[in-house]
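Listed below are the residues making up each chain.
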Amino acid sequence: MHSRVPRIDLRYVAGISPDVEATRAHTLHWLAFQGLIVQPEALRTYDASRFDRLSARMCPNSRGAGLDLVSDWMGWLFVFDDQFDGPIGLDLEATRAVLDELLAVIQGSAPQRYPSSRLGAALVELWGRSTAGASASWKARFTQDLAGYFESYYQEARERTQGWPVDLETYLRTRRLSIGVLPSLDICERSEGLDVPPAVHGTEDMTTLRSLCTDVVVMVNDIYSAPKEAASGQMHNMVLLLMHHEGCGQAAAMDQVEGEIAKRVETFAAVEQRIRQGVQCIETWSVIDRDIAAIKNLMQGTTDWTRETARYAQPSQGARERVTG
């Protein structure tokens, strides 16, 4: 596949937490302690992707333990994701077993304390750290968002066994969940001490902003990862789907996806303006202002990280190795 990749510019304010290096060391130690990545070479491969910088870019206002929490989640999520690159991702029963164990941790009234897998045991620790002292509304929202993320992996496994997704909308319906934006937004809010009341969070316009953010992150990811995924035979990618279904080349497909990103950024600005014009009190303004800033930070931060990470290095630069296994 041709290696030309456009440079996406969202034009939001870019930032990075000054605690990024301390968090980097913390998460590498945490992953090794939890037994998720223990071999030195695997740790080096993981570290080359710099998920700590992803966390610090998504949450530039987070410090100390708050940023550590985000970084540990990012590490956990990407180790979780990587296991489906292998045989498990083509085995519906094995996928279901993995997901059921993790769902039991977050949905049970008495969480399973000793899951059979290291991922499950690490999730118990992360879940306890994340929910300690959290409001009931935040915990319910995070549980729902994380459960949706987990379930999307079963749908993707089904699609892998069936061949190419039927159409773009079918692909996006699952990908909007499997990209993990909603639980990531929840964790970023938690790390910054932001607890958005249901009356604000649940409005149609705020829900629209999160949906637009999700699409932007999906599309940016798919543009930058397309060459690597094409080389490895992956099919869950918007660029590759457009090439397959419309018979166009990579450049045309990427231009089309880039245009879709621009449309969503424009819509985001219009919805944001409508929200701000409707605010009537200072307390609501403060919450909305911080929440919108958090959403923009996640969009800009993931875009900046996607450009710089070794995770999406093109085949000519050396394909990414899995960090698990």
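### Some points on the packing of aromatic side chains
Evaluated as defined, the whole model comprises 19 aromatic pairs. Between tryptophan 73 and tryptophan 76 the ring centres are 6.0 Å apart and the planes differ by 70°, which places this aromatic pair in the edge-to-face class. Of the two residues, tryptophan 73 and tryptophan 76 both sit in helix α4 (residues 64-82), three residues apart, roughly one turn of that helix. Accessibility classification places tryptophan 73 together with tryptophan 76 in one group, the buried group. Grouped by ring-pair contacts, the aromatic residues Trp73, Trp76, Phe80, Phe84, Trp127, Trp138, Phe142, Tyr149, Phe150 and Tyr153 constitute a single cluster. Cation over ring: arginine 276 sits above tryptophan 285, and NZ or CZ is 5.1 Å from the ring centre.

### Here we look at the nonpolar core
Counting 85 residues, the largest nonpolar core has Trp73, Trp76, Phe80, Ile106, Phe150 and Ile261 as its most contacted members. Top element by residues in this core is helix α11 (residues 204-231). It accounts for 12 residues. Setting aside its immediate chain neighbours within four residues, phenylalanine 150 contacts Trp76, Phe80, Leu99, Leu102, Leu103, Ile106 and Leu123.

### Quick notes on helix α8 (residues 168-178)
If you check which residues of α8 are buried, you get Thr170, Tyr171, Leu172, Thr174, Arg175 and Ser178. Of the surrounding secondary structure, the elements contacted by the buried residues of α8 are α7 (136-162), α11 and α12 (238-246). Among the residues of α8, the N-terminal cap falls to aspartate 167, whose side-chain oxygen and the backbone nitrogen of glutamate 169 are separated by 3.2 Å. Positive backbone phi, at 80°, marks glycine 180, one or two positions downstream of α8.

### Structural notes on the packing of α4 against helix α6 (residues 118-131)
To characterise two packed helices, one gives the angle between the axes of the helices and the distance between these axes. Packing of α4 against α6 brings their axes to within 11 Å, and their N-to-C directions diverge by 155°. When the axes of α4 and α6 are compared, the pair comes out roughly antiparallel. Where α4 crosses over α6, the handedness of that crossing is left-handed. Here Asp68, Leu69, Asp72, Trp73, Trp76, Val79 and Phe80 of α4 come into contact with α6, specifically with Leu119, Ala122, Leu123, Leu126, Arg129 and Ser130.

The rules behind the values
- Every chain begins its residue count from 1, and numbering advances along the sequence as written.
- pLDDT decides what is reported in this predicted model: residues at 70 or higher carry local features, side-chain atom pairs at 80 or more are listed and counted, and totals for whole chains, interfaces and linings draw on all residues regardless.
- Side-chain numbers here rest on the full set of heavy atoms in the structure, without hydrogens or water.
- Think of it this way: a Phe, Tyr or Trp ring, Trp meaning its six-membered ring, pairs with another when their centres are within 6.5 Å, and the plane angle makes it stacked under 30 degrees, edge-to-face over 60, tilted otherwise.
- By the criteria applied, helices consist of DSSP H or I runs no shorter than four residues and strands consist of E runs no shorter than two, each listed in order from the N terminus.
- Think of it in three bands: with a 1.4 Å probe and only protein chains considered, a residue is buried below 20% of the maximum accessible area for its type, exposed above 50%, and partly exposed in between.
- Ring-over charges, as used throughout, are those where CZ of Arg or NZ of Lys falls within 6 Å of the ring centre and within 35 degrees of the ring normal.
- Residues belong to a common nonpolar core when they are buried Ala, Val, Leu, Ile, Met, Phe, Trp, Tyr or Cys residues joined through side-chain atoms within 4.5 Å.
- Two residues form a contact once any of their heavy atoms are found within 4.5 Å.
- Pairing of N or O atoms within 3.5 Å defines a polar contact, subject to two protein rules: one partner must be a possible hydrogen donor and the other a possible acceptor, and residues neighboring in sequence count only if both atoms are side-chain atoms.
- Axis definition: a line fit to C-alpha positions, over the contact stretch in the case of helices; interaxial angles, taken between N-to-C directions, run 0 to 180 degrees.
- In what follows, roughly perpendicular refers to angles from 65 to 115 degrees, roughly parallel to angles under 35, roughly antiparallel to angles over 145, and oblique to any angle outside these ranges.
- In this scheme, a crossing is called left-handed if the near helix is turned counterclockwise away from the far one by less than a right angle; it is called right-handed if the turn is clockwise.

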